Amino acid sequence: MTIRHDGITAEWLGYATLRLEGSDTVVYLDPGRYGVLTGEWEPDTPGAGHPPAREYRPEDGDIVCVTHVHHYDPDGIRRVASEDATVVAFEGIDVHRSDRDLDRLADLPYDVRTVPMEADILVDDVPIWTMPAYNYEDGPNTDADGNPYHPKGIGCGFLLSVDDTRVFWPGDSDVLDGHAELDVSLFVPSIAQNYTMDRHAAADLAEELDPDLVLPIHYNTFANLAADSGAFAQDVAKRGVPVVLDER
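Residues numbered from 1 in each chain as written. Predicted model: local features only at pLDDT ≥ 70, side-chain atom pairs only at ≥ 80, totals over all residues. Heavy atoms only, no water.

Asks: Talk me through a negative patch on the surface; I want residue IDs and the actual numbers.
Replies: On the surface, D6, D24, E83, D84, D111, D124, D125, D163, D164, D210 and D212 cluster together into a patch of negative charge. Within the secondary structure, D84 is located in strand β6 (residues 81–90). (Patch = residues over 30% accessible without salt bridge, like charges linked within 9 Å, V, L, I, M, F, W, Y side chains within 5 Å. Areas by Shrake-Rupley, 256 points an atom, 1.4 Å probe, with all protein chains shown as cover. Salt bridge = Lys/Arg side-chain N within 4 Å of Asp/Glu carboxyl O. Lys, Arg positive; Asp, Glu negative; His and termini not counted. Charge placed at Lys NZ, Arg CZ, Asp CG, Glu CD. Helix = DSSP H or I, 4+ residues; strand = E, 2+ residues; numbered from the N terminus.)

So, in structure tokens, the structure goes:
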């Protein structure tokens, strides 16, 4: 399903993959992994997101944004990026710390711009802001040893302005100080029960942000990312914030 909002379209392709399209610009956020672009993904919860009916390889992306190494998928980037695409990736992506066999960012056949946790750049007339994305050391998203799954410095979130419509994807993060002060039209949070803000925290943040629309993503790809999206939607709607689910 394609969501039309304030002059742009948005489509959740599974896991953390989001496609945004403006009048003459296509942007992808965190494309790939877990079969979401190859037609192999079968989400744990029926109706949660949607695997493509066939392999997805449009190669139409002008800009591809990558928040951190867990969402870095060189094959996914190649499937969505056009020949002259710009890849905007967090500077701390270190392929040597992954157990996957990954191409280095420098070896991708695109213009690659690395960004820190806090940056303000312009790519193809699209303003892009980055902000920290991490789990608190004393929060719920820690492992058995008490270490955050996403320690500070592992990645970033993205706020983009596509045709003057500001889209906020926090990345794999708890709700952080400063999030609620952002000017956001389309809020695209994770609502998974682990690793990121859950549906309750995301609903609280949606109420504070008061965006024009909320579109949750990054849930039900596998069991540890389970979420009751219907309950989330009801919760957000009761707070007076428009919300939509991209599921089929």
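Next comes the rest of the write-up.
Asks: Residues and numbers for unusual backbone geometry, please.
Replies: Positive phi, normally seen in glycine, also occurs at D164, with a value near 70°. Note that D164 resides in the loop between β10 (155–162) and β11 (165–169). The backbone of D210 sits at a positive phi, close to 50°, despite the residue not being glycine. Position of D210 relative to the elements: it lies in the loop between α2 (199–209) and β13 (213–214).

Asks: So, the packing of α2 against helix α3 (residues 229–238): which residues are in play, and what are the values?
Replies: If you want to describe how two helices pack, look at the angle between their axes and the distance between the axes. Contact pair α2 / α3: the axes reach a minimum separation of 9 Å and the direction vectors enclose 25°. When the axis of α2 is compared with that of α3, the two are roughly parallel. In this structure, α2 meets α3 at a crossing whose hand is right-handed. Across from R199, A202, A203 and A206 in α2, the residues of α3 making contact are A231, F232, D235 and V236. Residue classes in the contact of α2 with α3 are distributed as 6 nonpolar, no polar and 2 charged. (Axes fitted to C-alpha atoms, helices over the stretch in contact; angles between N-to-C directions. Parallel < 35°, antiparallel > 145°, perpendicular 65-115°, else oblique. Left-handed = near helix turned anticlockwise from the far one by under 90°. Contact = heavy atoms within 4.5 Å. Nonpolar A, V, L, I, M, F, W, Y, C, P; charged D, E, K, R; others polar.)

Asks: I'd like a description of the pairing of β6, backed by residues and values.
Replies: Most of β6 is tucked away: 8 of the 10 residues are buried. Handedness of the β-α-β unit built from strand β5 (residues 61–66), helix α1 (residues 74–80) and β6 comes out right-handed. (Buried < 20%, exposed > 50% of the residue type's maximum accessible area, 1.4 Å probe, protein only. Right-handed = clockwise from strand over helix to strand, strands pointing away.)

Asks: Report on the packing of aromatic side chains, specifying residues and quantitative values.
Replies: Per the stated rule, a full pass over the model turns up 7 aromatic pairs. With centroids separated by 5.8 Å and ring planes inclined at 80°, the aromatic side chains of Y134 and Y136 adopt a geometry described as edge-to-face. Cluster of aromatic residues (ring-pair linked, three or more members): Y15, Y34 and F222. The residue whose ring lies beneath R166 is W129, and the NZ or CZ to ring-centre distance is 4.6 Å. (Phe/Tyr/Trp six-rings, centres within 6.5 Å; stacked < 30°, edge-to-face > 60°. Lys NZ or Arg CZ within 6 Å of the ring centre and 35° of its normal.)

Asks: Describe α2, listing the residues and the values that go with them.
Replies: Along α2, the positions that sit buried rather than exposed are A202, A203, L205, A206 and L209. With its buried residues spanning 165° around the axis, α2 presents them on a single face. Taken together, the buried residues of α2 touch β11, β12 (186–187), β13 and α3. Just downstream of α2, D210 is the residue with a positive phi angle, here 50°. (Arc of directions from axis to C-beta.)

Asks: Let's hear about the state of the cysteines: which residues, and what values?
Replies: Covalently bonding the sulfur atom of one cysteine to the sulfur atom of another cysteine gives a disulfide. Taken as a whole, this structure holds 0 disulfides when the rule is applied. Between C156, a cysteine without a disulfide, and C65, which holds the nearest cysteine sulfur, the sulfur-to-sulfur distance is 8.2 Å. (Disulfide = S-S within 2.5 Å.)

Asks: Any details on α3? Residues and values, ideally.
Replies: Because each turn of an α-helix spans 3.6 residues, side chains separated by three or four positions in sequence point in the same direction. Along α3, the residues classified as buried are S229, F232, A233 and V236. All buried residues of α3 project into a common sector of 95° when viewed along the axis, lining one side. Opposite the packed face of α3, turned more than 90 degrees from it, sit the exposed residues Q234 and K238. At its buried positions, α3 is contacted by α2 and β13.

Asks: Can you tell me about the side chain of D30, naming the residues and giving the values?
Replies: For D30, the location among the structural elements is in the loop between β4 (26–29) and β5. Despite its burial, D30 remains without a salt bridge, the nearest opposite charge being carried by R100 at 9.7 Å. Ignoring sequence-local partners within four residues, the contact set of D30 consists of A16, T17, C65, V66, T67, H71 and W169.

Asks: So what's going on with the environment of D73? Which residues, and what values?
Replies: Residue position: D73 is located in the loop between β5 and α1. Put simply, D73 and Y34 are 39 residues apart on the chain and 9.8 Å apart in space, counted from C-alpha to C-alpha. Excluding residues within four positions of it along the chain, D73 makes contact with P31, G32, R33 and R100. Reaching out from D73, the side chain makes a polar contact with the backbone nitrogen of R33 at a distance of 2.8 Å. (Polar contact = N/O pair within 3.5 Å; in protein donor to acceptor, adjacent residues only side chain to side chain.)

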